[in-house]
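Residues per chain are reported as follows:
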There are 2 protein chains.
Amino acid sequence: MGAKVQLAEVSKGLVIFSCCFTAFIFILFLLHISGALSSVYVGVFNKGGKYERAVSIFDSVPIKNGDVVFLGDSITEGGAWDEFFENRVTRNRGIGGDTTSGLLARLHQINRSEPSSIFLMIGTNDIYFGVAEDEIVENILTIIDLLSNSSKETKIFLQSILPRASKYKDRVEAINKKVRERLPLGVTYIDLYPHFLDEHGVAIDTRFSNDALHLNGDGYLIWREIIKALVVEHG
Amino acid sequence: MGAKVQLAEVSKGLVIFSCCFTAFIFILFLLHISGALSSVYVGVFNKGGKYERAVSIFDSVPIKNGDVVFLGDSITEGGAWDEFFENRVTRNRGIGGDTTSGLLARLHQINRSEPSSIFLMIGTNDIYFGVAEDEIVENILTIIDLLSNSSKETKIFLQSILPRASKYKDRVEAINKKVRERLPLGVTYIDLYPHFLDEHGVAIDTRFSNDALHLNGDGYLIWREIIKALVVEHG
């Protein structure tokens, strides 16, 4: 009899644990899809981990005057820029997962020198993390202002955010449009967006991406083709 | 009465669901720590995702005779080799998460040409995924054999697996030792391992890594210092 009661107690405990655990996972899931965890993600990403390591690696090889800088997130990071433009000194300053605020926090690494040109693309991770559209736009414009003011010798190219899965279409297009309309004189806008769209005009073409976000080799070769003349002229 | 019965049914359903869900997560956890999921991880990693994209990007910029190739996983990938060795044409052929079998599957990308030198480091992810020690050793030796046989013009440097968290110490040291003892003539072993150990001699020094696996800028500068003369001589 005593053993039976004990067993019942254990079962009850298990059931309560299971329910609590399921509820916990469910709440976590709700917080995730509502975007409420975005600042947690960004915080965890920025403190320690890959971001901190990359900034430390960049510090170990400072940019010199005249270099060509590629600045952004994983899409920039994935580019073999030194191999795409063998006759230029290129600096890959992309960090996987980086956001506009992450980039603002490391902008001093770029502003210490006078690169010949900067090819900037940032913002797609902000959208994923649920950062408000206007905040993304303001951050991109602030980055451009800070870069422009720190070096008059540097030619700045803003590259549009690329298409990704169709559910991001409206936000990507809205941010690209708003930034483009407010771009300061002297900054050149490079509209990569249409080159990577699929035939329906809603998502990134599967010929250029296997995860609806990052580029494969064919994607990078198109990107290289679009900016080649600019790198040569301003590199 | 009917409503009460229905409610009881719903509760019962919820409890059963919770229990099953918890059991599922628990079994997944057990499979994970037992290493039984390792081939699933490697499979998922290799098909689609980052590995496939990286291979595609490497295909878009083939290695040329005389290049210096850095071959490996995320630890190689993280190195800004083109910036560390500005006067050489370097090729970063590291892919985050790659394993000895992943590298074997893409070795044709290296073997198509005659690089002046190859700096190889691979195996730490195999250990993490629970691949058997002897299999890792055989794979590394096979990689070296295939590289040696494809090009007599290429100088091959095998770099030891770096220390990571202390629980990996014995396996890392055993693999490094076994490979070193069986290294073919003509292949140079570069013992990076002791340079990155902490003061207790059991784990990677926190001065060089913020996640007990990947290197920061100071870590890469030490690595560069160790191989600099070799890159200059054989680059």
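Residues numbered from 1 in each chain as written. Chains lettered and ligands numbered in written order. Predicted model: local features only at pLDDT ≥ 70, side-chain atom pairs only at ≥ 80, totals over all residues. Heavy atoms only, no water.

*Asks:* Can you break down the sheet that holds strand β3 (residues 117-121) of chain B residue by residue, with the values?
*Replies:* Each strand in a sheet pairs with its neighbour through backbone hydrogen bonds, running either in the same direction (parallel) or in the opposite one (antiparallel). Residue and element names in this part refer to chain B. If you walk across this open sheet you meet the five strands as β2-β1-β3-β4-β5, and the pairing is parallel. With one partner strand each, in any of the chains shown, β2 (90-94) and β5 (188-190) form the two edges of the open sheet. Across the sheet, the mean angle separating the axes of adjacent strands is 20 degrees when strand polarity is ignored. Direction of pairing for β3 relative to strand β4 (residues 155-159): parallel, over a ladder of four bridges. Looking at β4, one finds that Ile 118 is bridged to Ile 156. Sheet strands in contact with helix α9 (residues 133-150) are β1 (68-72), β3 and β4, and its direction is about 165 degrees off that of β4. (Pairing = 2+ DSSP bridges. Helix = DSSP H or I, 4+ residues; strand = E, 2+ residues; numbered from the N terminus. Axes fitted to C-alpha atoms, helices over the stretch in contact; angles between N-to-C directions. Contact = heavy atoms within 4.5 Å.)

*Asks:* Can you explain the packing of aromatic side chains? Please cite residues and give values.
*Replies:* All names here are of chain A. Applying the stated criterion to the full structure yields 24 aromatic pairs over all chains. Considering the side-chain rings of Trp 81 and Tyr 220, the 6.1 Å spacing of their centres and the 80 degrees angle between planes classify their relative orientation as edge-to-face. Taken together, the residues Trp 81 in helix α5 (residues 81-84) and Tyr 220 in helix α11 (residues 217-234) connect sequence positions 139 residues apart. Here the guanidinium or amino end of Arg 164 rests over the ring plane of Tyr 168, the centre of that ring lying 4.0 Å away. (Phe/Tyr/Trp six-rings, centres within 6.5 Å; stacked < 30°, edge-to-face > 60°. Lys NZ or Arg CZ within 6 Å of the ring centre and 35° of its normal.)

*Asks:* I'd like a description of the environment of Thr100(B), backed by residues and values.
*Replies:* Residue and element names in this part refer to chain B. Counting through the fold element by element, Thr 100 comes out in helix α6 (residues 100-105). According to the relative accessible area criterion, Thr 100 is buried, its value standing at 0%. With 28 residues separating them along the chain, Thr 100 and Gly 72 place their C-alpha atoms 8.6 Å apart. Beyond its immediate chain neighbours, meaning those up to four positions away, Thr 100 contacts Ile 122, Gly 123, Asp 126, Ile 136, Asn 139, Ile 140 and Ile 143. A polar atom in the side chain of Thr 100 sits 2.9 Å from the side chain of Asn 139. (Buried < 20%, exposed > 50% of the residue type's maximum accessible area, 1.4 Å probe, protein only. Polar contact = N/O pair within 3.5 Å; in protein donor to acceptor, adjacent residues only side chain to side chain.)

*Asks:* Describe the interface of chain B and chain A, naming the residues involved and giving the relevant values.
*Replies:* Often, the extent of an interface is quoted as the loss of accessible area upon association of its parts. Taken together, the contact pairs 36 residues of chain B with 36 residues of chain A. Each partner contributes to the roughly 2,700 Å² buried at the junction of chain B and chain A, and carbon and sulfur atoms together form 55% of this total. Applying the counting rule to chain B against chain A returns ten salt bridges. The salt bridge partner of Asp211(A) is Arg53(B), with a shortest N-O separation of 3.1 Å. Joining chain B to chain A, the criterion identifies 18 residue pairs in polar contact (both at pLDDT 80 or more). Within the residue set of the side of chain B that touches chain A, elements represented by two or more residues are α1 (2-34), α3 (49-60), α5 (81-84), β2 and α11 (217-234) of chain B. Counting residues per element, the side of chain B that touches chain A draws most heavily on α1(B), at seven residues. Grouping the constituent residues of the side of chain B that touches chain A by class yields 13 nonpolar, 13 polar and ten charged. (Buried area = accessible area lost by both parts, 1.4 Å probe. Salt bridge = Lys/Arg side-chain N within 4 Å of Asp/Glu carboxyl O. Nonpolar A, V, L, I, M, F, W, Y, C, P; charged D, E, K, R; others polar.)

*Asks:* Break down the relation of the copies chain B and chain A for me, citing the residues and quoting the values.
*Replies:* Once chain B has been moved 0.1 Å along the axis and rotated by 180 degrees, it coincides with chain A to within an RMSD of 0.2 Å. Given the turn and translation reported, the copies of this chain are related as if by a two-fold rotation axis. For chain B, the smallest separation between a C-alpha atom and the rotation axis is recorded for Ser18(B), amounting to 2.7 Å. A shared interface surface links the copies, since 100% of the contact residues of chain B are contact residues in chain A too. (Least-squares fit on C-alpha atoms with pLDDT ≥ 70 in both.)

*Asks:* Describe in detail the pairing of β1(B), supporting the description with residues and values.
*Replies:* All names here are of chain B. Taken across its five residues, β1 has five buried, putting it largely inside the fold. Where burial is concerned, the two faces of β1 agree: the one with Val 68, Phe 70 and Gly 72 and the one with Val 69 and Leu 71 are both buried. Across five bridges, the pairing between β1 and β2 is parallel. Its bridge partner lying in β2, Val 69 is registered against Arg 91.

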